[in-house]
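A look at the structure
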Amino acid sequence: MKKIKKDLKSYVITAICILLGNALLAFDVAAFIIPHDIVMGGTTGIAIVVNKYFPIDTALVVFVLNAVLLFIGLIVIGKKLFFTSIASTLLYPAFLAIMQRIPGIDKFTDNDLLASLFAGVLMGLALGLVMRVGSSTGGMDIANLVAAKITHKPVAIFVYLFDFIVIGAQAVINTPEQIMLGVVVIVLESIMLDKAMLYGQSQLQVYVVSKKYDEIRLKFLTELQAGVTMSYIRTGALGEKEMAVVCVIPTRKLYAANELVREVDPEAFLTITKIKEVRGRGFTEERKFTDIKELS
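Residues numbered from 1 in each chain as written. Predicted model: local features only at pLDDT ≥ 70, side-chain atom pairs only at ≥ 80, totals over all residues. Heavy atoms only, no water.

A look at helix H10 (residues 254-264)
Residues of H10 that are buried: Ala257, Leu260, Val261 and Val264. Buried residues in H10, looked at end-on, bunch into an arc of 95°, giving them a common side. Those residues of H10 that are exposed and angled more than 90 degrees off the buried face are Tyr255, Arg262 and Glu263. Close packing links the buried residues of H10 with strand S1 (203-209), helix H9 (213-222), strand S3 (241-249) and strand S4 (269-275). (Buried < 20%, exposed > 50% of the residue type's maximum accessible area, 1.4 Å probe, protein only. Helix = DSSP H or I, 4+ residues; strand = E, 2+ residues; numbered from the N terminus. Arc of directions from axis to C-beta. Contact = heavy atoms within 4.5 Å.)

Now the structure itself:
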């Protein structure tokens, strides 16, 4: 029963993230990208170029391209890619069509730089929400994977190649200033994507070398309520065998950890390292409380 509830919660969170991510991306494109002619990669960028020459709805072009690429992905790569991409393939064009029909959505700002800043931040956040739950954004992501499988080359090559082609096509019909604004969007998108993917998972690792290691261990376990790992070490100068205390904690507990170490041993050697992601018991799994044993 507990596992069923956990699985259900996971499915609900996944569905919400995919819905919000695609809705936010569609809003971003309709409110900032298209009204300000900001260059963009992916199928949306292709649709923008097509719309400049032919009176075809942007959302319709995106949907057709995504559907074709999804079908190709199913044939070349398999069902797994199909099922992780189908939601965004259908949802994003639908949301984009709806967003474009909202009165005044393209009137948020007349400032192109401000629009680019918002576009980059929202795009990174939107993609992060979708990718964080293991889903694919579809579109050119599928094209990149298909091309990589056929040619046996790294995916990254085709990510840059296809983006260069799409953005280059837009450069022909846009001014240099609009191209530079597009670069601003891409940079902000990358930063926000990284932040969104790792939000809530980054922690700090505290590494303490002290002769009073057992006392520090006990204080971390009891007062800090944090898990501890003991590591055997050998000092560099004297070659003496000692033990180090390794503890992973959230940022809010750093001050308390520092104070505990200083209280026990002011001369302790302490290093603090930022960790991008932590998984396992006590973090992604429920913590189990057991009796604290003495070190033998």
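So, the pairing of S3
S3 sits mainly inside the fold: seven of its nine residues count as buried. Strand direction decides the pairing type here: S1 and S3, joined by six bridges, are antiparallel. Each bridged residue has a counterpart across the sheet, and for Val209 the counterpart in S3 is Ala244. In the sheet, strand S2 (residues 228-234) pairs with S3 via seven bridges, with the strands oriented antiparallel. Counterpart to Met230 in the pairing with S3 is Val245. Two successive antiparallel strands, S2 and S3, enclose a turn made up of six residues, where Gly239 displays a positive phi of approximately 70°. (Pairing = 2+ DSSP bridges.)

Some details on unusual backbone geometry
In this model, Asp37 sits at a positive phi of 50°, which is unusual for a non-glycine residue. Inspection of the secondary structure assignment puts Asp37 in the loop between helix H1 (2-33) and helix H2 (42-53).

Section: the packing of aromatic side chains
With the rule as written, the count across this model stands at four aromatic pairs. With a centroid separation of 6.2 Å and 90° between ring planes, the pair formed by Phe27 and Phe32 is classed as edge-to-face. We classify Phe32 as buried; its relative accessible area is 5%. The interplanar angle of 25° and the centroid separation of 5.7 Å between the aromatic rings of Phe32 and Phe118 together place this pair among those described as stacked. (Phe/Tyr/Trp six-rings, centres within 6.5 Å; stacked < 30°, edge-to-face > 60°.)

Points about the packing of H2 against helix H3 (residues 58-76)
With their axes 9 Å apart at the nearest point, H2 and H3 run at an angle of 135° to one another. In terms of their interaxial angle, H2 and H3 are classed as oblique. Between H2 and H3 the crossing geometry is right-handed. Contacts between H2 and H3 involve Thr43, Thr44, Ile46, Ala47, Val50 and Asn51 on the former and, on the latter, Thr58, Val61, Val62, Leu65, Asn66 and Leu69. In the contact of H2 with H3, the residues fall into seven nonpolar, five polar and no charged. (Axes fitted to C-alpha atoms, helices over the stretch in contact; angles between N-to-C directions. Parallel < 35°, antiparallel > 145°, perpendicular 65-115°, else oblique. Left-handed = near helix turned anticlockwise from the far one by under 90°. Nonpolar A, V, L, I, M, F, W, Y, C, P; charged D, E, K, R; others polar.)

Looking at the nonpolar core
Judged by nonpolar contacts, the single largest core of 26 residues is most densely connected at Leu25, Val29, Phe32, Ile33, Tyr92, Leu96 and Met123. The element best represented in this core is H1, accounting for seven residues. If we ignore the near neighbours within four places in the chain, the residues touching Phe32 are Phe27, Ile38, Phe108, Thr109, Ala115, Phe118, Ala119 and Leu122. Residues Leu204, Phe220, Ala226 and Val261 belong to the second largest nonpolar core, which totals 15 residues. (Core = buried A, V, L, I, M, F, W, Y, C linked by side-chain atoms within 4.5 Å.)

Some details on the layout of surface pockets
Of the voids in this model, the largest pocket is the one considered here, and its volume is about 960 Å³. Residue lining of the largest pocket: 35 residues in total, with Gly42, Leu127, Asp141, Asp163 and Glu189 positioned closest to the centre. Elements supplying a minimum of two residues to the lining of the largest pocket: H1, H2, helix H4 (79-100), helix H5 (112-132), helix H6 (140-151), helix H7 (155-173) and helix H8 (176-198). The element contributing the most residues to the lining of the largest pocket is H7, with nine residues. In terms of residue class, the lining of the largest pocket is built from 19 nonpolar, 13 polar and three charged. (1 Å grid on protein atoms, 1.4 Å probe; cavity = no way out; pocket = protein on both sides within 12 Å on 5 of 7 lines; lining within 4 Å. Points joined across faces, edges and corners; volume = space filled by probe spheres on them.)

The values are spatial; any link to function lies outside them.
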